[in-house]
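Tertiary structure, described
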Amino acid sequence: MDQRISRPVARTTGLLYLALGITGMAGFLLVRPLVFDPTDAATTATLLVEHELLARVGIALELALVVSQALAALWFVRLFRPVEPFAAAAVGVLGMMNAVAILGSTAALGTALGTALAGDPAGPQQMFLLSENLWLAGAAFFGLWLIPMGRLVLLSGLPRALGWFLLVGGVGYLLQSFLLVLAPDAGPVADVIVLPATVGELWMIGLLLWIGFRRDRSRTDVAEEPALRP
């Protein structure tokens, strides 16, 4: 591992990346299907009214995803800036762009709930569809942020296989975005081409947490904590 990688920064980055994954899965994969029927606008409006608290939890989870994505992007810059400043800045900027796209989705979800509570049977469905398209647009930036991240892994002395999983996964997310626009029925294929990204992200989270929390101390860590020198 590159001695320029700080253990405390790796620990914080790993925790933020973990928070990003948990909030994203909980909000998009668990809560959203319980309050959104993609085939029936009236059902969506009814679900939102009947499960208002659950809908608010979903909005809060998406907002937490935005915050964790933005902070993770900033901490990745701190983590990898000593390795290659330009690529580290690219990770930060592209990650922040994805956070902005999801922030728009969060606003759409809030509007969907508000219109449902006001008795509008059609507005909530339109807002959920807008939210899904913002996620689709954001996936392009999510793919782009994985590409420089993979390059930084290759340059930093971390496992090279991880770097390639991130690079290939980033390209997969880009292809998925265009594929779903051009061929909306190609969902199964779109899911397959992002599998390398899923492997790479889980590996990255685990590796950062291992680096950050392992007990053995290196000379780099001692240099970072002069107060602990004998």
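Quick look at the structure, then. Note that the structure is predicted; figures quoted are calculated from it, not measured. (Residues numbered from 1 in each chain as written. Predicted model: local features only at pLDDT ≥ 70, side-chain atom pairs only at ≥ 80, totals over all residues. Heavy atoms only, no water.)

1. Quick look at the packing of aromatic side chains
For the structure shown, the criterion picks out nine aromatic pairs. Measuring from centroid to centroid gives 4.7 Å for Phe36 and Phe128, while their planes differ by 5 degrees, and the two rings are stacked. Of this pair, Phe36 sits in the loop between helix 1 (7–35) and helix 2 (41–50) while Phe128 sits in helix 5 (residues 123–156), and the two are 92 residues apart along the sequence. The burial state of Phe36 is the same as that of Phe128; both residues are buried. Here a set of aromatic residues connected by ring pairs shows up, and it is made of Tyr17, Phe76, Phe80, Phe142, Trp145 and Tyr173. Note that Arg11 overlies the ring of Phe213, its terminal NZ or CZ placed 5.7 Å from the centroid. In this arrangement the basic side chain of Arg214 is found over the ring face of Trp210, its NZ or CZ atom lying 5.0 Å from the centre. (Phe/Tyr/Trp six-rings, centres within 6.5 Å; stacked < 30°, edge-to-face > 60°. Helix = DSSP H or I, 4+ residues; strand = E, 2+ residues; numbered from the N terminus. Buried < 20%, exposed > 50% of the residue type's maximum accessible area, 1.4 Å probe, protein only. Lys NZ or Arg CZ within 6 Å of the ring centre and 35° of its normal.)

2. A few points about the layout of surface pockets
There is about 1,300 Å³ of room inside the largest pocket. The element contributing the most residues to the lining of the largest pocket is helix 1, with eleven residues. Among the residues forming the lining of the largest pocket, the class breakdown is 25 nonpolar, nine polar and four charged. (1 Å grid on protein atoms, 1.4 Å probe; cavity = no way out; pocket = protein on both sides within 12 Å on 5 of 7 lines; lining within 4 Å. Points joined across faces, edges and corners; volume = space filled by probe spheres on them. Nonpolar A, V, L, I, M, F, W, Y, C, P; charged D, E, K, R; others polar.)

3. A short note on the nonpolar core
Tyr17, Phe76, Phe80, Trp145, Leu146, Met149 and Met204 are the most contacted members of the largest nonpolar core, which has 40 residues in total. Counting residues per element, the ones that place at least two in this core are helix 1, helix 3 (52–80), helix 4 (85–117), helix 5, helix 6 (160–182) and helix 8 (195–213). Counting residues per element, this core draws most heavily on helix 3, at eight residues. Not counting chain neighbours up to four residues away, the residues in contact with Phe76 comprise Thr13, Tyr17, Val91, Trp145, Met149, Met204 and Leu208. Residues Phe36, Ala55, Leu109 and Phe128 belong to the second largest nonpolar core, which totals ten residues. (Core = buried A, V, L, I, M, F, W, Y, C linked by side-chain atoms within 4.5 Å. Contact = heavy atoms within 4.5 Å.)

4. As for helix 2
By the burial criterion, the buried members of helix 2 are Thr44, Ala45, Leu47 and Leu48. What you see down the axis of helix 2 is that its buried residues fit within an arc of 160 degrees, all on one side. Where helix 2 is buried, its residues meet helix 1, helix 3, helix 4 and helix 5. Measuring from the side-chain oxygen of the N-cap residue of helix 2 to the backbone nitrogen of Ala42 gives 3.0 Å; that N-cap residue is Asp40. (Arc of directions from axis to C-beta. Polar contact = N/O pair within 3.5 Å; in protein donor to acceptor, adjacent residues only side chain to side chain.)

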